[in-house]
Amino acid sequence: MFVAFNQQHQLTTLLAYQATEIPRLRQQQWFCPQCRQPVFLRAGAACTPHFAHYRRSDCQLAHETATHLVGKQFLYHYFGQRGYQCQLEVFLPVLQQRPDLLLTRGGQQLAIEYQCSPLSLARLKQRTAGYSGSQLPVVWILGPRYIQKNLKNRQLRFLNQSVSLGYYLLFLESSRFLLWHHIQQIGLSPQYGYHVQSLAQTAPATKRQLGQPSLAQQVAYLQRQLQYRQHFWQQLQLVCYRQHRHLLMAPLWCHTLQPTPPILKCSLFALRVYFLLTFEQQSVILPQALTDFRQHYQFLFQPTGRQFAPQQVTVLTALVADLVTQGYLGVIAQGWCWRRQPIWFKSVPDKLAVAAKTRKKTSQEVFD
Ligand SMILES: [Zn+2]
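Worth saying up front: this structure is predicted, and the values here are computed from it rather than measured.

### Regarding the packing of aromatic side chains
Considering all chains together, one arrives at 23 aromatic pairs under this definition. Where Phe275 meets Phe279, the ring centres are 4.7 Å apart and the plane angle is 45°; that geometry is what we call tilted. Of this pair, Phe275 and Phe279 both sit in helix H7 (residues 268-279), four residues apart, which is roughly one turn of the helix. Across this residue pair, the class does not change: Phe275 and Phe279 are buried. Taking the centre distance of 5.7 Å and the plane angle of 80° together, the rings of Phe275 and Phe293 count as edge-to-face.

### Describing the side chain of Arg127
You can see Arg127 is positioned in helix H3 (residues 121-133). We classify Arg127 as buried; its relative accessible area is 15%. With residues up to four places along the chain from it excluded, the contact list for Arg127 reads Gln97, Glu113, Gln115, Leu119 and Trp140.

### A few points about the UniProt feature "domain: Competence protein CoiA nuclease-like" (unreviewed entry) in the chain
UniProt records the feature "domain: Competence protein CoiA nuclease-like" (unreviewed entry) for residues 64-197 in the present numbering. Taken end to end, residues 64-197 is 25% helix and 38% strand, and its first and last C-alpha atoms sit 28 Å apart.

### Here we look at helix H8 (residues 287-296)
Of all the residues in H8, the buried ones are Leu290, Phe293 and Arg294. Seen end-on, H8 carries its buried residues on one side only, within an arc spanning 95°. If you follow the buried residues of H8, they end up packed against H7, strand E15 (284-285), helix H9 (309-325) and strand E17 (336-338).

### Regarding the sheet that holds E17
Strands sit in the order E15-E17-E16 across an open sheet of three strands; the sheet is antiparallel. The open sheet has two edge strands with one neighbour each: E15 and strand E16 (329-331). One ladder, built from three bridges, connects E16 with E17; its direction is antiparallel. Following the sheet pairing, Leu329 is matched in E17 by Trp338.

### Thoughts on the packing of helix H6 (residues 231-242) against H7
Contact geometry for H6 and H7: axes closest at 10 Å, N-to-C directions at 25°. Comparing their axes, H7 and H6 come out roughly parallel. Between H6 and H7 lies a crossing whose hand is left-handed. On the side of H6, the interface is formed by Phe232, Trp233, Gln235, Leu236, Val239 and Cys240, while H7 contributes Phe269, Ala270, Val273, Tyr274 and Leu277. Residues belonging to the contact of H6 with H7 are distributed by class as follows: 10 nonpolar, one polar and no charged.

### Topic: the nonpolar core
Ranked by size, the top nonpolar core spans 75 residues in total, and within it Ile183, Trp233, Leu247, Phe269, Leu271, Val273 and Phe275 carry the most contacts. For this core, the element with the highest residue contribution is H7, accounting for 10 residues. By size, the runner-up hydrophobic cluster in this structure holds 34 residues, among which are Leu69, Leu103, Tyr168 and Leu172.

Rules used in this analysis
Sequence positions are assigned chain by chain, starting from 1 and proceeding in written order. Only residues with pLDDT of at least 70 get local features here, since the model is predicted, and only at 80 or more are side-chain atom pairs given and counted; chain-wide, interface and lining totals rely on the full set of residues. To obtain the side-chain values, all non-hydrogen atoms of the structure were included, while hydrogens and water were left out. Pairing of aromatic rings covers Phe, Tyr and the six-membered ring of Trp, with a centre-to-centre limit of 6.5 Å; geometry is then stacked below 30 degrees between planes, edge-to-face above 60, and tilted otherwise. For helices the rule is a DSSP run of H or I covering at least 4 residues; for strands it is a run of E covering at least 2, with both sets numbered from the N terminus onward. Per-residue accessibility, obtained with a 1.4 Å probe over protein chains only, is compared with the maximum for each type, and a residue is labelled buried under 20%, exposed over 50%, and partly exposed between these values. Whether two residues are in contact is decided by their heavy atoms: any pair within 4.5 Å suffices. UniProt positions are given in the numbering used here, feature names are shortened, and annotations may be inferred rather than shown by experiment. As used here, the arc belongs to the directions running from the helix axis to the C-beta atoms. Only strands joined by at least two bridges in the DSSP assignment are considered to pair. A fitted line through C-alpha atoms represents every axis, and for helices the fit uses only the stretch in contact; the resulting angles, taken between N-to-C directions, go from 0 to 180 degrees. Relative orientations are named as follows: roughly parallel for angles under 35 degrees, roughly antiparallel for angles over 145 degrees, roughly perpendicular for angles from 65 to 115 degrees, and oblique for any other angle. Left-handed is the label given to a crossing in which the near helix is rotated counterclockwise from the far helix by less than a right angle, and right-handed is the label when the rotation is clockwise. We call Asp, Glu, Lys and Arg charged. Ala, Val, Leu, Ile, Met, Phe, Trp, Tyr, Cys and Pro are nonpolar, and the rest, Gly among them, are polar. The criterion is simple. A nonpolar core is a set of buried Ala, Val, Leu, Ile, Met, Phe, Trp, Tyr and Cys residues joined through side-chain atoms within 4.5 Å.

In C-alpha cells form, the structure reads like this:
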C-alpha cells in the first residue's frame, strides 16, 4: 500500500514524495490505515517504495503483489496528469470499501479498482452493489493474469458498459492499457468478437471477428455435449424430453447467428429453446410472463458483478420482436398470440435438408 498514518495521525500518500525523500521517511513511524498496526516503509532497488506490514499480519491490506503496487502507481500518475484529483486507497465509510483509486474532476467522482488477483463472484457482486448503491460509478481494470484471447466467465464477470464503448473490458499490463470494446457473442459455445485498442496509441486497433458456425457444426456440437453428458445441455434435453421434444430437432429459428450482448451464459440458442418450451402451449403471452421467464431462467445469463437486468430485458424483447417480424407471433392488446409456430423436426437429416433448401432459396432470391 502507498498510504499510511504518520505519528501525528496524518494520512500520508507515499507517491506525493520524491525518491530523494524516501530515506528520511523511512526513519519515521507509520501505521496501517486499516488495522492501525505499525507498518514499515519498504524500499530498495528491486521494488517500488511502499508500506508493508510486519510478518504474520492478517490485515486485508497486508497481501499485495508487486504487480498490483506498480499498476496502482501507474494509474495514480496517469490520471493525475489528466487533471484528476487522485486519492489512493481512501476508505469510504458509507461503503465500508477502499477503492484503489478515487478520482474527482469537475464535481464528478469515479472509483477505480485494479484487480490482479482472483475475486469470487459473490465478493465482486457485493463490492459492485456497494458502489452502485452510493451512486458512485466504478470501473474495473484487470491485471495481466486476466489477459486471455478467449473470454471466459472469470473475465466476463467484470464487464463494464458505456454508451460509446458498448460492453467492454479494460486491462492494464506494465503501464500499457488494453481496451476490448463492443464485445459481442455468437454461437452455441459462445465465441466472442471485439475491437482491441491499445490506449498507448502506438499499436493499431485490431478486431477479433465472430465466426459463423454452420448448422451442421452446431448440431454436431450439441451431439457432443449430450454424448459427454455436459450438465447444462443435458438439463435442457431433459426439459425437451418431458415435452416429447428432442434438443437436436429444435426449430431452425433457434439456430440464429445474430450477435448478442455478451450477457448470455450459454447462447441465444438455449434461450430460444427454453422460450419455445415455456410458451408454445400458451395461446396468449402476457408481458408479466416474460418477466417471470427472465427471473426463472436467470442461469441462462452470464453471472456478472454488475446487474444487467435492463439489458436482459432488451435481449428478451428482441427475441419476441424477432418472432413478430417472422410472422410467428401477433401483437394483441394484452400481449402476444401465436399465429404459427416454429417447427420441430423429426430427424437430424430432415432438419439439415430443410436448412439447405431454405439457404438455396434465399441465395436465389438474392440473384433474382
Ligand atoms: Zn493493516
